[in-house]
Amino acid sequence: MDTTQSSHLHTRSLSAGFPSSGNRPASPVLEPTTPWPATGTLSPRRADGLSPTSSRIASLALIALIVTLALALRVSVAQTFAGMVDGEGAEYLSLAKNLLAGHGYVGISTPGVNLFFPPLFPMAIAGLGALVDDVDLAGRMLSVALGAALTIPVYFIAQELYGRSVAVMAAGLVAVHPFLVSLATTVQVESAYALGILTGMVLLLRAFRVRTVLSFAVTGLVFGLSFLVRGEALVFMLLALTLLACQCLAAKAMPAGKLARRAGVLLLAFGLVAAPYVVWLSQQVGQFKLEGKSPLNITVQRAKQAGIGEYGGAFLIGPDLEEQGAYNVPSVETIRSFSMTPSQLADYLVSNTSELMGNTLRTITTSGSLGYPLLLPLVLLGLVASAWSSRTLPVQLSLLGLVGMSILATYFIYFTSLRFFVPLLLCMCIWAAAGLWRIREWAGETADAVGLSPRLSWVASGLTLALAASALLAPPLVQAANALVYTRDTRQVVEQAQALQAPAGQELRIAAASAVPSYHAHAQHIWLPYTESEATALRYLEKKGANFVIVRGEDGPRAPYLARWVARGIIDRRAQLVSKFDVGHDEVRIYRLDWN
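Residues numbered from 1 in each chain as written. Predicted model: local features only at pLDDT ≥ 70, side-chain atom pairs only at ≥ 80, totals over all residues. Heavy atoms only, no water.

A. Inspection of the overall build of the protein chain at higher detail. Tallying secondary structure elements over the protein chain gives 24 helices and five strands in all. Radius of gyration (C-alpha) of the protein chain: 27 Å, near the 25 Å computed for a compact globule of 596 residues. Summarising its shape, the C-alpha atoms of the protein chain cover approximately 95 × 55 × 50 Å along the three principal directions. In the protein chain, which comprises 596 residues, the share counted as buried stands at 54%. For the protein chain, long-range pairs separated by at least 24 residues make up 72% of all intrachain contacts whose partners lie at least 6 apart in sequence. Here the protein chain displays about 24,700 Å² of accessible surface, and carbon together with sulfur accounts for 63% of that area. Each charge sign in the protein chain was given a centre, from 43 positive and 36 negative side chains, and these centres are 10 Å apart. (Helix = DSSP H or I, 4+ residues; strand = E, 2+ residues; numbered from the N terminus. Rg over C-alpha atoms; globule rule 2.2 N^0.38 Å. Buried < 20%, exposed > 50% of the residue type's maximum accessible area, 1.4 Å probe, protein only. Contact = heavy atoms within 4.5 Å. Areas by Shrake-Rupley, 256 points an atom, 1.4 Å probe, with all protein chains shown as cover. Lys, Arg positive; Asp, Glu negative; His and termini not counted. Charge placed at Lys NZ, Arg CZ, Asp CG, Glu CD.)

B. Fine view of a nonpolar patch on the surface. A contiguous nonpolar patch, built from W388, L393, L397 and L400 and spanning about 300 Å² of accessible area, is present on the exposed surface. Tracing the backbone through its elements, the reader meets L397 in helix 18 (residues 393-409). (Patch = residues over 30% accessible without salt bridge, like charges linked within 9 Å, V, L, I, M, F, W, Y side chains within 5 Å. Salt bridge = Lys/Arg side-chain N within 4 Å of Asp/Glu carboxyl O.)

C. Seen up close, the packing of aromatic side chains. Under the criterion given, the structure shown has 14 aromatic pairs. For the ring pair F227 and F270, a centre distance of 5.5 Å and an interplane angle of 65° mean the geometry is edge-to-face. With F227 in helix 10 (residues 213-227) and F270 in helix 12 (residues 256-285), this residue pair connects regions lying 43 residues apart in the sequence. Considered together, F227 and F270 belong to a single accessibility category, that of buried residues. Taken together, the aromatic side chains of Y92, F116, F117, F121, Y311, F315, Y327 and W527 make up a single cluster linked through ring pairs. Sitting above the plane of the Y193 ring, R230 keeps its charged end 4.4 Å from the centroid. (Phe/Tyr/Trp six-rings, centres within 6.5 Å; stacked < 30°, edge-to-face > 60°. Lys NZ or Arg CZ within 6 Å of the ring centre and 35° of its normal.)

D. Representation of the packing of helix 10 against helix 12. Contact geometry for helix 10 and helix 12: axes closest at 7 Å, N-to-C directions at 30°. Compared by their axis directions, helix 10 and helix 12 come out roughly parallel. Crossing angle aside, the handedness with which helix 10 passes helix 12 is right-handed. Across from V213, F216, A217, T219, G220, L221, F223, G224, L225 and F227 in helix 10, the residues of helix 12 making contact are R262, V265, L266, A269, F270, V273, A274, Y277 and V278. The residue inventory of the contact of helix 10 with helix 12, partitioned by class, reads 15 nonpolar, three polar and one charged. (Axes fitted to C-alpha atoms, helices over the stretch in contact; angles between N-to-C directions. Parallel < 35°, antiparallel > 145°, perpendicular 65-115°, else oblique. Left-handed = near helix turned anticlockwise from the far one by under 90°. Nonpolar A, V, L, I, M, F, W, Y, C, P; charged D, E, K, R; others polar.)

E. Examining the environment of G83 more closely. Its place among the elements puts G83 in the loop between helix 2 (52-81) and helix 3 (87-101). On the basis of relative accessible area, G83 is assigned to the buried category, the value being 9%. Considered as a pair, G83 and V485 are 402 residues apart in the sequence and their alpha carbons are 9.4 Å apart. Residue contacts for G83: discarding those within four places in its chain leaves R140, T487, T490, R491 and V494.

F. Spotlight on the pattern of salt bridges. In total, this model carries 22 salt bridges according to the counting rule given. Between R419 and E190 there is a salt bridge, and its shortest N-O distance comes to 3.0 Å. Taken together, the positions of R419 in the loop between helix 18 and helix 19 (422-449) and E190 in helix 9 (residues 190-210) put the pair 229 residues apart, joining distant regions of the chain. We note that R419, like E190, is buried. Between R440 and E441 there is a salt bridge, and its shortest N-O distance comes to 3.1 Å.

G. The sheet that holds strand 2 (residues 524-527), seen in detail. Ordered by their spatial adjacency, five strands build an open sheet running 2-1-3-5-4, and the pairing between neighbours is mixed. The sheet terminates laterally at strand 2 and strand 4 (575-583), the two strands that pair on one side only. Going from strand to strand, the sheet's axes swing by 25° on average, the running direction of each strand aside. One ladder, built from eight bridges, connects strand 4 with strand 5 (residues 586-593); its direction is antiparallel. Note that in strand 5 the partner of K580 across the bridge is R589. Of the strands in this sheet, strand 1 (509-512), strand 2, strand 3 (548-552) and strand 5 are in contact with helix 23 (residues 534-544), which crosses strand 2 at around 160°. (Pairing = 2+ DSSP bridges.)

H. Local environment of unusual backbone geometry. A cis geometry characterises the amide bond from Y372 onward to P373, with omega recorded as 10°. Position of P373 among the secondary structure elements: in the loop between helix 16 (342-366) and helix 17 (375-383). In this structure, L321 is a non-glycine residue whose phi angle is positive, near 75°. In this structure, L321 sits in the loop between helix 14 (309-315) and helix 15 (331-337). Phi is positive for H522, which is not a glycine, with a value near 55°. As for its placement among the helices and strands, H522 is situated in the loop between helix 22 (516-520) and strand 2. On the accessibility criterion, H522 (64% relative accessible area) is exposed.

Below you can see the structure in the form of structure tokens.
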């Protein structure tokens, strides 16, 4: 290769965000004069020829375009495909409505005060719902807006690691990834949680760069708000803070005393936001608690291990109709009665390793919804696309830590769902973008090597990038399309539930294995119990005063009597079939109950 061609290759590689470490000055992440977001150079003019001010303007313009694209996609999908809300969405929306009505922190899924969900997300829905005078619309709006906003911290983190070109690619992947876009039809907390912790990560990087008290305080406040969405934010904050503090001390960028004071400011700000919820939760339970969902989930998982299944662990009733499950009694009772010694915890983790890790790894490595088969190879390529310097090492380790947290969290959840891996998928999008960009560089270098003109080389690299990105997104698009069509079909459930009318002088009470129909019908929800006996189940429903039962084909495995109801219906003179319809491949039956 001649000298001119070699120089041309080096110039393009530098501008693409994969510079050779031998041709670029080292730039510590904690250098206070480095423009934010960091570009990896101490020069007043960037490798792309832009001044720091112009660079910020260009970054903001790119972010605005990407966020607009993400928002437009999610609004379109929500309007076209939104059907009934998901199970957790029904609870969040119920909490918001009850907060606005002055009924306290009470939902639809569990009796008494809800101790499972931290309060920020339902409070945000309630606040927005008061403004737009529609809680359901507020929940959908938040899902759309928060999902689109995920592109912002992803952009800045990717730019910190790989440069602007990869940052645009990473944010673009998040904007258009079919699975992430499909979440716009739900009312779930994962987007809010991921946005909070990744934004906290961006602010933490900036805090270590500018080193002001205010920057550390703001970072602590953001992590505190994230904790009020999901308690795992505390663990991620401590991990990222520790890694960056170690890098700071190793680089001698800040005296240890000053660093300790700044970290103290961050932790104090976090505590000011998180403490009221921790105090309230601890007072409710009568013992110190940082979060309330783990005891409930572990109780169900233990019952599952005992052989009665997760539904039995949640909604078991005894022969005398007394509730014995984790979720058909007030949460405070389950949490107070829960205990686990360190040895029991170790046994629990060991006994769950095979099943849960198997499910998790299978989901990550083989799920077409996430990006199988290309996502994982691109992630591995992106991880080694450029050397991990002292500047990028803490960031990469923090992202890997977030991946590990996403996997570890499944130990304390008795089922697996793709939405649990939203933070993990965002990290993978950053690395996959670096992998895609490295493939683009390879294509351009190959075109140069065989003697193509610079224009044809540019076309070849661009086409290669487009093909690779399309191949990555094609499987998730197919899976998301099927899921969205099913979600749209659930509108029939909403219509049928809203058409139900309680007998004169009675409150509408719906028994089902999901609280979603009850939510849409504005009814009191009664969980179909777990019991062996059909007669016991009917006695329980009579005791609860249920006037409708909804049975779906997917309910069969939940309890022995439900399998019979799915196969042949409810054969009882007090049960009258009033509606039968299909949602996808699932048959739904609605029965009216008359106990007279």
